[in-house]
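# Examination of the molecular architecture
Each chain is listed here by its residues.
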Amino acid sequence: MTSPTPSPTQLAIPLHVSYIKSLGENKDDLTYHLTAHLRMNAIYWGLTALLIMGHGEALDREETIEFVMSCWDDEAGAFGAHPDHDAHLLSTLSAIQILIMHDALDRMDMPRVVKFILSLHQISGVFAGDAFGEIDTRFLYCAVNALSLLGQLHLLDGEPKERTVNYIIRCRNFDGGFGSVVGAESHAAQVFVCVAALAILDRLDVVDVETLGWWLCERQLPNGGLNGRPEKLEDVCYSFWVLSAMAILDKIPWIDADKLSAFILSAQDLEAGGIADRPGDQPDVFHTNFGVAGLSLLGYPGLVDLDPVYCMPAEMIKARGLRKPWKALERRNA
Amino acid sequence: MPVPSTSTEDTPFYAERPEWSDVTPVAQYEDSNPIAPIFYSQEYKDATDYFRGIVKSGEKSQRVLQLTEDIIRLNPAHYSAWQYRYETLIALNAPLDVELKLMDELAVLYLKTYQVWHHRRLLLMLTRKPAPELKFIAKSLEVDVKNYHTWSYRQWLLAFFNDEELWAGELDFVESMLVQDVRNNSAWHHRFFVVFQSGLREGETDRGRVIRRELTFVKQNISFAANNLSAWNYLRGILDANKILYSRVEDFVSLYAEASIDATRDIVDLENPPPPRGAELPCPAAIEFLADIHEKEGRVLQATELWRSLADEHDTIRKKYWEYRIREGLKSVRQ
């Protein structure tokens, strides 16, 4: 018999699992090669979503690990996004996360990777993404996250940690939010990386919790979706950026959870699978991951707990002794 | 979408060009792997094979500039190509104003790609000619008025060169952007950055005058479009940054917290410009502001009434937040 038609008010897990599985198979997709610079990230997003939906086995473990290792940039001592791409912090973090999720961290040359990460630390306290020199608080988060997952965060102790925290302080804007660099506009994704980095560094005292909690809460629009900054459109990915920051600050109760869940579910593609940025648009693995992550934090029944600081399964983070104080909504029964 | 390069349909692949026959192309990692199968258009495969070839040999020549340009047009996020292009420009001591002109074209096409802006930063640090950039940035913003990278680049330019003449036109620039779209949060943020976060410049040292000017500016803009979160946030920002009591603007805020405009008012009060005709009133941001004023002045019960109206009627999506404010407010009364 054919399976029942997926309902728009439920998460169509089997459909999304097969969507993620099929992503590597579509040779005719022209956009596939244009997103080579995101490949490592894409696999991390896909794997995380699968694990949260309880289907981590859907992507072959050995093949995934082989792909990760094929992205090793031996000159830099870290991972690029794709074979033969130069090493970058974004892809290096994703590689570490994938290897941890597959319990294969021992395949990696840890000292060289740590050296690469530390080499990107700037005098100002921020991290560059690569040798090219782009700076952004996103990379600060990637570095701090990666070092902590590798159990090497203590290497920042003392002056380097002070410098790092001070950079985040300088990125704090009048509305309580954070930008990508000093002087830049508050943006939800940048708020997430700064707040999560502060959580890992045990420096949440830097955050004006009431003001920022309110700014985050203000992201919710009447249709239930969240935007990234005032007067902009809602987007499913903010279900993660905003919600995880709120979880860390223990302010998720301020969100209208029912309306946000309904919004995320309405952005599903109930024919091909996957979740889009908003209802009616084309799905992609990025929005699929962050939609599922958001639903997990909102207590959607049947999903696995997600750690909002690391955006990885909560049990894995807890097992590594890295659990920070955060609060998601209670998981509801089906 | 890839941008058509300067080549036509008849442009041969690099593999077919005799002047490239001295380069050994290096194919992509070819092990078949269903997790991430490699698929390229022929054109992209050809160009990147030759790119890997010249990277291997370390060549930094004029034709490398053509090759990296082709790759960037096919895939503007290929950061290795950008990086190698920059190194090649340096090695060749290439004319950077020519490079900037090319970047002008690509920036407009690839606004959301970080590399375009970062490459520009690197060039500016060498040319040290920031003045024409302001015009260029303004032109880019015409296409995408809230582009985060573009605004961030403008802030970088101003702060890095820190030239009085560069800063001088910013207030007018922000005003022109807000005339286009008064709800542009990036423009409001930029104004705050220019006025309150970049030190004291000549002509701005009388802070009292600056504050009055900014208060007038934001109030006028609120009176054009009342339900504009960015403007209300800016108003708060001015007061917070300068440690001014919220009660200073109570008369103004009250006008917007009412359900209707007082039609009998015909005196133009510059301190308190009223909402425009047809505005949706009361304005939730104003109610919230007024509640904060009441709370700060110790009038907690009046604040809770306003929070109640927000929870039940004017901002129901944030009901839980308003009920939190009510609980906290009542707690403080009981103490």
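Everything quoted here is computed from the prediction, not taken from an experiment.

Looking now at the interface of chain B and chain A. With 54 residues of chain B at the contact, the number on the chain A side is 63 residues. Both sides of the chain B and chain A interface together cover about 5200 Å² of buried area, and 58% of this is carbon and sulfur. Note that Glu231(A) and Arg183(B) form a salt bridge whose closest N and O atoms lie 4.0 Å from each other. Applying the counting rule to chain B against chain A returns 19 residue pairs in polar contact (both at pLDDT 80 or more). Of all the elements in the fold, those that place two or more residues in the side of chain B that touches chain A are helix H1 (42-57), helix H3 (79-92), helix H5 (114-127), helix H7 (148-161), helix H10 (185-196), helix H12 (229-241) and helix H16 (319-334) of chain B.

Here H3(B) is 14 residues long and its end C-alpha atoms lie 20 Å apart, about the 20 Å a rise of 1.5 Å per residue gives. Buried residues dominate H3(B), accounting for 10 of its 14 residues. Turning to H3(B), the residues buried within the fold contact helix H5 (89-101) of chain A together with H1, helix H2 (62-74), helix H4 (96-109) and H5 of chain B. Just past H3(B), the residue Asn93(B) takes up positive phi, approximately 55°.

Applying the stated criterion to the full structure yields 4 cavities of 30 Å³ or more. Of the pockets and cavities examined, the largest cavity occupies roughly 60 Å³. Residue lining of the largest cavity: Phe174(A), Asp175(A), Glu185(A), Ser186(A), Asn185(B), Trp188(B), His189(B), Ser230(B), Asn233(B) and Tyr234(B), and that is the complete set. When contributions to the lining of the largest cavity are tallied by element, the ones reaching two or more residues are H10 and H12 of chain B. Grouping the constituent residues of the lining of the largest cavity by class yields 3 nonpolar, 5 polar and 2 charged.

Take the state of the cysteines next. All names here are of chain A. One pass over the full model with this rule turns up 0 disulfides over all chains. A disulfide-free cysteine, Cys142 has its sulfur positioned 12 Å from the sulfur of Cys194, the nearest such atom. Given a relative accessible area of 5%, Cys142 falls into the buried group. The thiol of Cys194 is not disulfide-bonded; the next cysteine sulfur, from Cys171, is found 5.6 Å away.

So, on to unusual backbone geometry. Residue Leu281(B) is joined to Pro282(B) through a cis peptide bond whose omega torsion reads -5°. Looking at the secondary structure, you find Pro282(B) in the loop between helix H13 (250-257) and helix H14 (284-296). Unusually for a residue other than glycine, Cys311(A) sits at a positive phi of about 50°. For Cys311(A), a relative accessible area of 3% puts it in the buried group. Non-glycine residue Asn93(B) carries a positive phi angle of around 55°. Looking at where Asn93(B) falls in the secondary structure, it is placed in the loop between H3 and H4.

Now for the packing of aromatic side chains. Within this structure, the stated rule accounts for 38 aromatic pairs over all chains. The interplanar angle of 45° and the centroid separation of 6.4 Å between the aromatic rings of Trp241(A) and Phe286(A) together place this pair among those described as tilted. Here Trp241(A), found in helix H11 (residues 238-248), pairs with Phe286(A), found in helix H13 (residues 285-297); they are 45 residues apart in sequence, far enough to count as distant. A ring pair is formed by Phe51(B) and Tyr84(B), whose centres lie 5.8 Å apart and whose planes are at 90°; its orientation type is edge-to-face. Linking Phe51(B) in helix H1 with Tyr84(B) in helix H3, this pair joins segments that are 33 residues apart in sequence.

So, on to H5(B). Residues and elements named next belong to chain B. Counted at 1.5 Å a residue, the expected span for H5 with its 14 residues is 20 Å, and the 20 Å between its end C-alpha atoms agrees. Of all 14 residues in H5, 11 are buried, a share of seventy percent or more. Along H5, the positions that sit buried rather than exposed are Tyr114, Gln115, Val116, Trp117, His118, His119, Arg120, Arg121, Leu122, Leu123 and Leu124. The inward-facing, buried residues of H5 contact H3, H4, helix H6 (131-143) and H7. Just past H5, the residue Arg128 takes up positive phi, approximately 55°.

About the criteria used
Residues numbered from 1 in each chain as written. Chains lettered and ligands numbered in written order. Predicted model: local features only at pLDDT ≥ 70, side-chain atom pairs only at ≥ 80, totals over all residues. Heavy atoms only, no water. Contact = heavy atoms within 4.5 Å. Buried area = accessible area lost by both parts, 1.4 Å probe. Salt bridge = Lys/Arg side-chain N within 4 Å of Asp/Glu carboxyl O. Polar contact = N/O pair within 3.5 Å; in protein donor to acceptor, adjacent residues only side chain to side chain. Helix = DSSP H or I, 4+ residues; strand = E, 2+ residues; numbered from the N terminus. Expected span 1.5 Å × (residues − 1). Buried < 20%, exposed > 50% of the residue type's maximum accessible area, 1.4 Å probe, protein only. 1 Å grid on protein atoms, 1.4 Å probe; cavity = no way out; pocket = protein on both sides within 12 Å on 5 of 7 lines; lining within 4 Å. Points joined across faces, edges and corners; volume = space filled by probe spheres on them. Nonpolar A, V, L, I, M, F, W, Y, C, P; charged D, E, K, R; others polar. Disulfide = S-S within 2.5 Å. Phe/Tyr/Trp six-rings, centres within 6.5 Å; stacked < 30°, edge-to-face > 60°.

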